[in-house]
Amino acid sequence: MDLRYSEADEQLRAELRAWLAEAVPAHGAPPPRDDWPARRAYDTGWQQRLHSAGYAGINWPAEFGGRAASATGELVYYEEMARAGAPYIGHNFVGIRHGGPTLIAEGSDAQKRRHLPRILRGEEVWCQGFSEPGAGSDLAALQTSAVRDGDCYVVNGHKTWTSFAHTADYCELLARTDPNAPKHRGISWLIMPMDLPGIEIRPLPTLLGESDFSEVFLSDVRVPVENRVGAENDGWRVMNVTLRFERGSAWASDIFELREFLSELAGLARQRGGWENPALRREAGHLAAEADALWALMKWQLAEAVKTGVPGVGGSALKLAFTELNQRVYELGVRLLGRAGLAREDIGALPCARIVDKFLNTLSLTIAAGTSQIQRNIIAERSLGMPREPR
């Protein structure tokens, strides 16, 4: 696939850049971390701005309200959003980046009509109910049960690390619908409304001082059967579609932002008087080369998604490479700050708050969406065809 930018791509770039120049300042600064109603309003408000301007769902098919941009048009979008410092997708992450795309690929017509327009307009916030206390890296070990009772599933179980659970409207939920099947089978993917009786949410404070994640306790929660995505007991396959979106194209804007940050680091090193050190310049050069290679891998991943409709298993390589490079880049940023890197607020002209927060966040990204160890197993077994480890 030709991934050079066309005249139409450059026209999109000019239009988007001009719109962002006005829209980003107009949207204002983000609210405090602990003001969750304000944070949801801020994030969904930005999604509404994108929708009104015709930029929501940049890669979604037009029939579902998206812009249906080409692969190169999608790259332009991510580049310009990162370059403009546009608000992070935040509360809209699960719905826009993998819940919605999973419905496009696997959902019924009724599910698509019900949810996709509302996700794009910022009217629905989704969370992810996959991990459990005993089923994280080994996700197939999940024990949350969904027992069929007429036109509902009665769900009981315990989910953890559920992003935005306490502010979400819907949850993409994995539950075991056949306890007698092998553990990778007998699982179903359900759309669970978060206002149903029997749902208890307990926020989990993190290292960053936030509570983006929660534990979710489910006691006899009745989820309509019509909310199942795909066939009963086919949820493991559907879940892998979801994870391909989560591990693949979802990182595009983050990768471009990382490349931009590396340029900023050179300026910070000059400001701190360390740029004359050849070892530092060599380290920065290696990191920049890796980031460029990662962007090329991102382009390949997007091309795969355009051809097949779903990102390939190469998304595991992309996720692994990005999250580990991300850690090393921001660790270098903290080192350049010196003692100021111990602060969570800006000191003088040093951007301590952003660099330290970003660095602390990188520690979780090698775990989220499948640990680095799990990604290496997937790459070895599914991409390289190597034998599985003996049990």
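Conventions adopted
Residues numbered from 1 in each chain as written. Predicted model: local features only at pLDDT ≥ 70, side-chain atom pairs only at ≥ 80, totals over all residues. Heavy atoms only, no water. Helix = DSSP H or I, 4+ residues; strand = E, 2+ residues; numbered from the N terminus. Rg over C-alpha atoms; globule rule 2.2 N^0.38 Å. Contact = heavy atoms within 4.5 Å. Areas by Shrake-Rupley, 256 points an atom, 1.4 Å probe, with all protein chains shown as cover. Lys, Arg positive; Asp, Glu negative; His and termini not counted. Charge placed at Lys NZ, Arg CZ, Asp CG, Glu CD. Phe/Tyr/Trp six-rings, centres within 6.5 Å; stacked < 30°, edge-to-face > 60°. Buried < 20%, exposed > 50% of the residue type's maximum accessible area, 1.4 Å probe, protein only. Salt bridge = Lys/Arg side-chain N within 4 Å of Asp/Glu carboxyl O. Expected span 1.5 Å × (residues − 1). Arc of directions from axis to C-beta. Domains from an automatic or database assignment. Buried area = accessible area lost by both parts, 1.4 Å probe. Polar contact = N/O pair within 3.5 Å; in protein donor to acceptor, adjacent residues only side chain to side chain. Nonpolar A, V, L, I, M, F, W, Y, C, P; charged D, E, K, R; others polar. Pairing = 2+ DSSP bridges.

Looking at the overall build of the protein
Alright, step 1. Assigned secondary structure in the protein consists of 11 helices and eight strands.
Alright, step 2. The C-alpha radius of gyration of the protein comes to 21 Å, within 12% of the 21 Å expected for a compact globule of 391 residues.
Alright, step 3. Structurally, the protein occupies a C-alpha span of about 70 × 45 × 45 Å along its principal axes.
Alright, step 4. Here the analysis covers contacts within the protein between residues at least 6 apart in sequence; of these, 72% occur between residues at least 24 apart.
Alright, step 5. Accessible surface computed for the protein: about 17,800 Å², of which carbon and sulfur atoms make up 53%.
Alright, step 6. Distance from the positive charge centre (44 side chains) to the negative charge centre (50 side chains) of the protein: 4 Å.

Remarks on the packing of aromatic side chains
Alright, step 1. Evaluated as defined, the whole model comprises eight aromatic pairs.
Alright, step 2. With a centroid separation of 5.8 Å and 35° between ring planes, the pair formed by Trp126 and Tyr170 is classed as tilted. Within this pair, whereas Trp126 is found in strand S1 (residues 126-129), its partner Tyr170 is found in strand S4 (residues 170-176), the two being separated by 44 residues in sequence.
Alright, step 3. Relative accessible area serves as the criterion here: at 12%, Tyr170 is assigned to the buried category.
Alright, step 4. Summarising the aromatic geometry, the rings of Trp161 and Phe213 are spaced 5.8 Å apart at their centres and angled 85° between planes, so their arrangement reads as edge-to-face. Highlighted residues: Trp161 in strand S3 (residues 152-163) and Phe213 in strand S7 (residues 213-224), separated in sequence by 52 residues.

Observations regarding the side chain of Ser163
Alright, step 1. Looking at where Ser163 falls in the secondary structure, it is placed in strand S3.
Alright, step 2. Sequence-distant contacts of Ser163, that is, excluding residues within four places in its chain, are made with Trp126, Cys127, Gln128, Asp212 and Phe213.

Notes on the pattern of salt bridges
Proximity of charged atoms lets side chains of opposite charge pair with each other.
Alright, step 1. If you walk through the whole model with that rule in mind, you get 28 salt bridges.
Alright, step 2. For Lys183, the salt bridge is made with Asp138, and the minimal N-O distance between the two is 2.8 Å. Within this pair, whereas Lys183 is found in the loop between S4 and strand S5 (187-193), its partner Asp138 is found in the loop between S1 and strand S2 (145-149), the two being separated by 45 residues in sequence.
Alright, step 3. Looking at Lys183, the relative accessible area reads 37%, which means it is partly exposed.
Alright, step 4. With a closest N to O distance of 2.5 Å, Glu283 and Arg335 form a salt bridge. Placement of Glu283 in helix H8 (residues 278-308) and of Arg335 in helix H9 (residues 314-337) is noted, with a sequence separation of 52 residues between them.
Alright, step 5. Overall, Glu283 belongs to the partly exposed group, its relative accessible area being 27%.
Alright, step 6. Sharing partners across several salt bridges, the network here consists of Glu10, Arg13, Arg17, Glu79, Glu80 and Arg83.

Focus on helix H5 (residues 109-120)
Alright, step 1. Compared with the 16 Å implied by 1.5 Å per residue over 12 residues, the 16 Å span of H5 between its first and last C-alpha is a close match.
Alright, step 2. Of all the positions in H5, only Gln111, Lys112, His115, Leu116, Ile119 and Leu120 are classed as buried. Taken around the axis of H5, the buried residues stretch over an arc of 120°, which confines them to a single face.
Alright, step 3. In the core, the buried residues of H5 are packed alongside helix H2 (36-53), helix H4 (93-106), S1, S4, S5 and strand S8 (228-229).
Alright, step 4. Remark: Gly122 follows H5 within two positions and exhibits a positive phi of approximately 75°.

Here's the deal with the environment of Leu318
Alright, step 1. Inspection of the secondary structure assignment puts Leu318 in helix H9.
Alright, step 2. Taking the C-alpha atoms as reference points, Leu318 and Val334, 16 residues apart in sequence, are found 24 Å from one another.

Describing the domain arrangement of the protein
Alright, step 1. Domain annotation for the protein reports domain 1 (7-88), domain 2 (126-233) and domain 3 (246-383).
Alright, step 2. The distance between the C-alpha centroids of domain 1 and domain 2 comes to 30 Å.
Alright, step 3. Counting from both sides, the interface comprises four residues of domain 1 and, opposite them, nine residues of domain 2.
Alright, step 4. With both sides pooled, the region where domain 1 packs onto domain 2 buries about 590 Å², and carbon together with sulfur makes up 49% of that total.
Alright, step 5. Here domain 1 is connected to domain 2 by two salt bridges.
Alright, step 6. The partner of Arg40 in a salt bridge is Asp169, and the shortest N-O contact between them spans 2.9 Å.
Alright, step 7. Taken together, domain 1 and domain 2 are joined by three residue pairs in polar contact (both at pLDDT 80 or more).
Alright, step 8. Looking at the side of domain 1 that touches domain 2, its residues break down into one nonpolar, no polar and three charged.

Some words on the pairing of S7
Alright, step 1. Note: S3 against S7, nine bridges, orientation antiparallel. In the sheet register, Lys159 faces S7, and the bridge partner there is Val216.
Alright, step 2. By the bridge criterion, six bridges tie strand S6 (residues 199-204) to S7 in an arrangement that is antiparallel. Within S7, the position partnered with Arg202 by the bridge is Glu215.

Remarks on the environment of Pro179
Alright, step 1. With respect to the helices, strands and loops of the structure, Pro179 is situated in the loop between S4 and S5.
Alright, step 2. Separated by 142 residues in sequence, Pro179 and Pro37 have C-alpha atoms that sit 39 Å apart.

Side note on helix H10 (residues 352-365)
Alright, step 1. With 14 residues, H10 extends 20 Å between its outermost C-alpha atoms, agreeing within 8% with the 20 Å of an ideal straight helix rising 1.5 Å per residue.
Alright, step 2. Along H10, the residues classified as buried are Cys352, Ile355, Val356, Asp357, Leu360, Thr362 and Leu365.
Alright, step 3. The elements touched by buried residues of H10 are helix H7 (252-272) and H9.

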